[in-house]
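Now for the letters of each chain:
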Amino acid sequence: MKRYEIASKREVNFLNTGEKASVCLKFSAALILLTVAAVIFSEIAVSGRLERIASAEAELSSLTHELLEIKRECADSEKIKAEYDRYSYRGFDTSLPDRLEVFELLERDVFSKAEVQNAAILGKTLSITVAGLDLEKMSELIEALEADRFVESVAVSTEAVTGLNGSTVTKITVSLNEDAEVAEEGALE
């Protein structure tokens, strides 16, 4: 260099003046990208999950209400099942005679011939207390009972007690045979 030449300086303290703008631009772009990434992350990871949790809790609440309603409706199911079993022979000893057949036997052979004071059935034994029969009518009643397909045997005992109108009270014990039992479980269903 010559002595009178003016130095042309473009740099100060070894710093390039053109790179300052570039670093700020890079920093701003990174900050914007970081902010956008944080917003997307919060939307996907946080807000989306919170919405799904709120939706699941609402569905759980709805299902809980449905379950409580079903439990309330089924609270008396044991009583309903017992009533159903009563008429369907489910859960009962199926070797017992069909009660409707026994009632038909009583209507057909006993009610038309005698005044029935009491009738009870226990297992395969039908006990009938009748009044107002003389020996001839009692004999006809016993023959009618023994002729029935449901009757195995008939036993008669006459008590010394007289009824209200002075008639003899007679106790008849009827043993029902195997034909009187319910054919199979669920036959009436």
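Residues numbered from 1 in each chain as written. Predicted model: local features only at pLDDT ≥ 70, side-chain atom pairs only at ≥ 80, totals over all residues. Heavy atoms only, no water.

A. Structural context of the side chain of T129. Within the element layout of this structure, T129 appears in strand 2 (residues 125-131). With residues up to four places along the chain from it excluded, the contact list for T129 reads E115, V116, Q117, N118, V169, T170 and K171. (Helix = DSSP H or I, 4+ residues; strand = E, 2+ residues; numbered from the N terminus. Contact = heavy atoms within 4.5 Å.)

B. Highlighting helix 3 (residues 99-111). By the burial criterion, the buried members of helix 3 are V102, L105, L106, D109 and V110. Each buried residue of helix 3 sits inside an arc of 105 degrees when the element is viewed along its axis, so together they form one side. For helix 3, the exposed residues lying more than 90 degrees away from the buried face are L100 and E107. (Buried < 20%, exposed > 50% of the residue type's maximum accessible area, 1.4 Å probe, protein only. Arc of directions from axis to C-beta.)

C. How the structure looks around the environment of A155. By secondary structure assignment, the location of A155 is in strand 3 (residues 151-162). On the accessibility criterion, A155 (41% relative accessible area) is partly exposed. The spatial distance from the C-alpha of A155 to the C-alpha of I172 is 5.8 Å, given a sequence separation of 17 residues.

D. Seen up close, the pattern of salt bridges. Summed over the entire model, instances satisfying the criterion amount to two salt bridges. A salt bridge links E69 to R72; the shortest N-O distance between them is 2.3 Å. A residue pair is termed a helical-turn pair when its members lie 3 or 4 positions apart in one helix, as E69 and R72 do in helix 1 (residues 19-73) at three residues. For E69, a relative accessible area of 34% puts it in the partly exposed group. Take R72: its relative accessible area is 54%, and that puts it in the exposed class. (Salt bridge = Lys/Arg side-chain N within 4 Å of Asp/Glu carboxyl O.)

E. Expanded view of helix 4 (residues 135-147). Between the first and last C-alpha of helix 4 there are 18 Å, a value that for 13 residues agrees with the 18 Å anticipated at 1.5 Å per step. Taken as a whole, helix 4 has its buried residues at M138, L141, I142, A144 and L145. Each buried residue of helix 4 sits inside an arc of 160 degrees when the element is viewed along its axis, so together they form one side. Exposed side of helix 4, more than 90 degrees from the buried face: L135, E136, E143 and A147 are the residues found there. (Expected span 1.5 Å × (residues − 1).)

F. Quick peek at the environment of R149. Note that R149 resides in the loop between helix 4 and strand 3. Judged by relative accessible area, R149 falls into the exposed class, the value being 52%. Linking R149 and L105, residues 44 residues apart in sequence, is a C-alpha distance of 9.7 Å.

G. Fine view of the pairing of strand 2. Along strand 2, five of the seven residues are buried, which leaves the element largely enclosed by surrounding structure. The antiparallel hairpin formed by strand 1 (residues 115-122) and strand 2 contains two residues in its connecting segment, where G123 sits at a positive phi of about 65 degrees. Sheet topology places strand 2 next to strand 4 (residues 168-176); seven bridges connect them, and they run antiparallel. If you follow V130 over to strand 4, its bridge partner there is T170. (Pairing = 2+ DSSP bridges.)

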